[in-house]
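Chain by chain, the residues run as shown.
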Amino acid sequence: MADAAHQPVGRRRRARWLRGIVGASCGLLGVVLIAHPFRSVAVLVLLIAVGMVLAGVGELASARSGIAVLVGVAWVAAGLVAGLAPGVAIGTITVLAGVALIVAGVVDGVRASRGAADQRVTSAVRGVAAVLFGVLALSWPDVTEIVLAVVFGARLVLFGVDLVVTAVRPGRRGHRVGPRRVRTAAAACGLVVAVALLVVSVRVHAAAPRPDAFYDPPSGAPTAPGVLLRGEPFTRGIPAGARAWRILYTTTRDEGVPATASGLVLVAGDAPAGPRPVIAWAHGTTGVAPGCAPSLAADPLGSGAMPAPAEALARGWAVVATDYPGLGTAGPHPYLIGQGEGRSVLDAVRAARRLDGVDLAPRTVVWGHSQGGHAALWTGILAPTYAPGANVVGVAAVAPAADLSGLVHNLGGLRLTTVLAAYVIEAYSEVYPDVDYTAMVRPTARVQAREMARRCLAEPSSTVTLMSSLLFDRPIWDGDPTSGAFGARLRENTPTGPISVPLLIAQGESDPLILPTVQAAYVRQRCAAGGAVDYRTYAGRDHLGVVAPDSPLIPDLLAWTQGRLDATPARSTCPT
């Protein structure tokens, strides 16, 4: 009889010890998640999985209703899925986490309607905050792990404190006697944070650029390249005193593959009326989604890092700046794909010559930076056969993405350039049927890479892309990206063909993205193949610093361009 009397007491003590241990573990893990949210994806998912299991065990240890038991079982199941199948969990964790938070919020709401009067406010506020955080997790799939790390970590801390307090001071009739005011204040803070983040999320999504009807080609548009489909005056973000138009024109992605592209044409308002030489500007990376067209950006020329636009216009030159296909117009965008880039540069010049109110001379010098440097090199390769009428007399490629295999390897070593790797594989897998996205990208990186490719570098949500990139402690590639079909396509798009006009390649010596050693090797290959290259390097200049307004490149580029327009002999730094 005495043993039977003591048995319930022993069970209660063991349950209290279990709640205490689980509560302390939840609190410790929650602190770790909050303090270090930018861990690798795999580590972060594992920590969250353990946290889910602990949360479920805690719910089960203190469950007093069927709903609480179901919530506990659900948390444990979600944690086991995330922990035992992380490759699958990355693709589904957004839905799992978002739905779990929403369900937990609804359960808190039910508790608010049924609990004691002093617990209703806390449960209601915590429930609303959980629902809002769940919505946020579903809205930003690639940073769900970060959202979970902070939000779920905070929830684990509060939950763990509650369990520990209940274990130490088990109030009468099973009611918890923890510091309710502290829990209520913490729940209120969570609600404030959730509302603030939701407002920011809505504004960021609303601020994302979207093409308007101008970028839709008219029905029955011709398929011949270089045809001007429409043009209209343009005023946003152009240099003072300049006149500008945005244009829509026909081009080709490859032989026999028609496309449309958009762009800008700019001239100085006070320049002489005579024919103006053309600077065909090929912009640097802005993104691969349709909203990433420079002509949609607040700073159309600056978003693609054009050097000295005002100075070029002041010299009486006209600037013709393509957006490339797939930016503004329907995709896919040929990111670092030579044919699509180079053809759209040449066709922009041909279309601009049909624009009313602009008198363009039959001489073109091509400028390009980074991705645009790659496009500029391909423009020089394609011009003699594809568009001889564009009359390209010189090509200036600044920090060009010339060696694509070397570039892709380098992208894997830089955490913040994961987004560029995501752009490359997104474009290549869309353009080339033999490039398999799932075969090239690790399962744990696919959600982040896909979401990165949907955003532009110049839009407000680029902050989210930056946060997402911090989760990667190793490349997104599943194996060697320079092997197989992907590697073959990278080599196919490396600009090694002959360029018959003077070529300037400029490179910053402190560039961490386009490595000077890789660029120098590319120049040596061009020289060895019999080409003439004027190769100039700039000490202390990185990838963007080389095209900054104070860069020593600027006067060199302007003088070199004037020499091409004047048909003066160009120098070559290749060994004779």
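The text that follows walks through the structure, step by step, so that each part is easy to find.

About the cut-offs
Residues numbered from 1 in each chain as written. Predicted model: local features only at pLDDT ≥ 70, side-chain atom pairs only at ≥ 80, totals over all residues. Heavy atoms only, no water. Core = buried A, V, L, I, M, F, W, Y, C linked by side-chain atoms within 4.5 Å. Buried < 20%, exposed > 50% of the residue type's maximum accessible area, 1.4 Å probe, protein only. Helix = DSSP H or I, 4+ residues; strand = E, 2+ residues; numbered from the N terminus. Contact = heavy atoms within 4.5 Å. Axes fitted to C-alpha atoms, helices over the stretch in contact; angles between N-to-C directions. Parallel < 35°, antiparallel > 145°, perpendicular 65-115°, else oblique. Nonpolar A, V, L, I, M, F, W, Y, C, P; charged D, E, K, R; others polar. Left-handed = near helix turned anticlockwise from the far one by under 90°. Bend = angle between axes of the 7 residues up to and from the residue. Disulfide = S-S within 2.5 Å.

A look at the nonpolar core
Membership of the largest hydrophobic core comes to 57 residues, with the highest contact counts inside it found for Val265, Val320, Leu346, Val392 and Val533. A per-element tally of this core places helix 10 (residues 371–386) first, with eight residues. Every residue in contact with Leu346, bar those within four places of it in the chain, is listed here: Thr379, Leu382, Ala383, Tyr386, Ala387, Ala390 and Val392.

Focus: the packing of helix 12 (residues 418–431) against helix 14 (residues 446–453)
Remark: helix 12 packs on helix 14, axes separated minimally by 8 Å, with the N-to-C direction vectors making an angle of 85 degrees. With respect to each other, helix 12 and helix 14 are oriented roughly perpendicular. Taking contact as the criterion, the partners of Thr418, Val419, Ala422, Tyr423 and Glu426 in helix 12 are, on helix 14, Ala449, Arg450, Met452 and Ala453. Counted by class, the contact of helix 12 with helix 14 contains six nonpolar, one polar and two charged residues.

Structural notes on the packing of helix 9 (residues 338–352) against helix 10
Between helix 9 and helix 10, the shortest axis-to-axis distance is 7 Å and the interhelical angle comes to 70 degrees. Taken together, helix 9 and helix 10 sit at an angle that is classed as roughly perpendicular. Here helix 9 runs over helix 10; the crossing is right-handed. Together, Gly338, Gln339, Glu341, Gly342, Arg343, Val345, Leu346, Asp347 and Arg350 of helix 9 and Gln371, His374, Ala375, Trp378, Thr379, Leu382, Ala383 and Tyr386 of helix 10 make up the contact between the two elements.

Concerning helix 10
Taken as a whole, helix 10 carries its principal kink of about 30 degrees at Gly380; the proline Pro384 stands between one and four residues after it. In terms of residue burial, helix 10 counts as a mostly covered element, since 14 of its 16 residues are buried.

Concerning the state of the cysteines
Should the sulfur atoms of two cysteines be covalently bonded, the bond is a disulfide. Evaluation of the coordinates by the stated rule reveals two disulfides. In this model Cys292 forms its disulfide with Cys456; the gap between the sulfur atoms is 2.0 Å. Between Cys292 and Cys456, the disulfide has an S-S torsion of -90 degrees and is therefore left-handed. With a gap of 164 residues between them, Cys292 in the loop between strand 4 (276–282) and helix 8 (309–314) and Cys456 in the loop between helix 14 and helix 15 (462–469) connect regions that are remote in the sequence. A residue is classified by how much of its surface remains accessible, and Cys292, at 3% relative accessible area, is buried. Here Cys527 engages in a disulfide with Cys574; their sulfurs sit 1.8 Å apart. Between Cys527 and Cys574 the sulfur-sulfur dihedral comes to about -70 degrees; the bridge is accordingly left-handed. Here the residue Cys527 occupies a position in helix 17 (residues 516–528), and Cys574 occupies one in the segment after helix 18 (553–565), the gap between them amounting to 47 residues. Counting only the cysteines that take part in disulfides, in the order they occur along the protein chain, gives the pairing 1-2, 3-4.

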